[in-house]
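Spelled out from the first residue to the last, the chains are:
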Amino acid sequence: MNASPYDAGSMGLMLNELRLPTIGKLWLDFAQRSDKEGWQASQLLGVLFEHELAERAKRRLERHRVESRLDPTKTLATFDFGLVPMVSKAHVMALASGDAWLEKGATVLIFGPPGTGKSHLGAAIGHALIDTGYRVLCTRTSELVQKLQAARKALQLPAALAKLDRFDLIILDDLSYVRKDQAETSVLFELISERYERKSLLITANQPFSGWNNVFPDPGMTVAAIDRLVHHSTIFELNVESYRRRNASDNKKDRQRQLPNQDSDGATTIAD
Ligand code: ADP
Ligand code: MG
């Protein structure tokens, strides 16, 4: 058998220079297999390229997942649609595939009292969009407002807003916790205007629009913000009992079922 003119060392150097680490790791094994099985050269090259591309796509997805700052446990798989009968699963699944609504920069608004699954549902849509290849950022609204405010002070607001453009979707969690006296919230209005009909927002809020006068500096700005947000939007209202409260009372009931004998002093005796 002729010795290959390319030894492992020089191949490694070239693949490193070309930034093809996966081929660097795999080529020798595949080359040996190819020699043994008599592959066409194009088959060997194709297989190696495919592996490099697949590994790149996987790493890109991992980067997108990390940069999104989404809670990894809040996915569609862990979301129980049975608890929110007013939410159409089919509608959520359609949103979770992205496409049309992200392309026109539409908005998703999720309203409901605390503990009803707003953040979970928002995050679940976010994860699904990342799986499809989109880029998502999930942030507490107050945190982003503070960052944008700092950028404005440094005369960097346009650059900061432009940087957020790389995200197809920004999830603004708990918008109604933002108070206009906490920070100058006109930056929030600027974010909404900047993204209007271009890049999507998903907003969760405990209070429906009527409570938003506490968020923006003046009523005119509140109306203008809402007007932009609802123009192309899907609204989910989770008017159910708090999941946390329901869980707490279920646990209490379970405990009571397990522990039926309570002494008069309040101490609990565990029944056999
Ligand atoms: P909110 O943002 O409305 O205050 P969260 O999304 O934080 O509520 O939900 C509170 C907790 O209950 C979280 O741990 C969440 O995962 C869980 N939860 C709420 N609704 C559901 C649901 N429909 N299915 C599964 N878990 C849920
Ligand atoms: Mg929440």
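These numbers come from a predicted model, not from an experiment.

Description of the packing of helix H2 (residues 21–37) against helix H3 (residues 41–68)
Part 1: Following both chains from N to C, one finds H2 and H3 inclined at 150°, their axes separated by 9 Å at the closest point. Comparing their axes, H3 and H2 come out roughly antiparallel. Viewed along their axes, H2 and H3 form a crossing whose handedness is right-handed. For the pair formed by H2 and H3, the contact residues are Pro 21, Thr 22, Ile 23, Leu 26, Trp 27, Phe 30, Ala 31 and Ser 34 on the first element and Leu 44, Val 47, Leu 48, Phe 49, His 51, Glu 52, Glu 55 and Arg 59 on the second.
Part 2: For the contact of H2 with H3, the class distribution of residues is ten nonpolar, three polar and three charged.

Here we look at the pattern of salt bridges
Pairing is possible between side chains that carry opposite charge, provided their charged atoms lie close to one another.
Part 1: For the structure shown, the criterion picks out ten salt bridges.
Part 2: Glu 52 serves as the salt-bridge partner of Arg 56, at 3.8 Å between the closest nitrogen and oxygen. Of this pair, Arg 56 and Glu 52 both sit in helix H3, four residues apart, roughly one helical turn.
Part 3: For Glu 52, a relative accessible area of 3% translates into the label buried.
Part 4: Close ionic contact of Arg 135 with Glu 67 constitutes a salt bridge, the shortest N to O distance being 2.9 Å. Residue Arg 135 is found in the loop between helix H6 (118–131) and strand S2 (136–140), and its partner Glu 67 is found in helix H3; the two are separated by 68 residues along the sequence.
Part 5: The class for Arg 135 is partly exposed, based on a relative accessible area of 25%.
Part 6: A cluster of three or more residues bridged by salt bridges with shared partners is formed by Glu 55, Lys 58 and Arg 59.

Concerning the pairing of strand S4 (residues 200–205)
Part 1: Taken across its six residues, S4 has six buried, putting it largely inside the fold.
Part 2: The alternating pattern of S4 places Ser 200, Leu 202 and Thr 204 and Leu 201, Ile 203 and Ala 205 on opposite faces, both of which are buried.
Part 3: Pairing of strand S1 (residues 107–111) with S4 involves five bridges; the strand directions are parallel. Residue pairing for S4: Ile 110 is matched across the bridge by Thr 204.
Part 4: Two elements, strand S3 (residues 169–173) and S4, share four bridges in a ladder whose sense is parallel. Bridge pairing in S4 places Leu 172 opposite Ile 203.

Thresholds applied
Residues numbered from 1 in each chain as written. Chains lettered and ligands numbered in written order. Predicted model: local features only at pLDDT ≥ 70, side-chain atom pairs only at ≥ 80, totals over all residues. Heavy atoms only, no water. Axes fitted to C-alpha atoms, helices over the stretch in contact; angles between N-to-C directions. Helix = DSSP H or I, 4+ residues; strand = E, 2+ residues; numbered from the N terminus. Parallel < 35°, antiparallel > 145°, perpendicular 65-115°, else oblique. Left-handed = near helix turned anticlockwise from the far one by under 90°. Contact = heavy atoms within 4.5 Å. Nonpolar A, V, L, I, M, F, W, Y, C, P; charged D, E, K, R; others polar. Salt bridge = Lys/Arg side-chain N within 4 Å of Asp/Glu carboxyl O. Buried < 20%, exposed > 50% of the residue type's maximum accessible area, 1.4 Å probe, protein only. Pairing = 2+ DSSP bridges.

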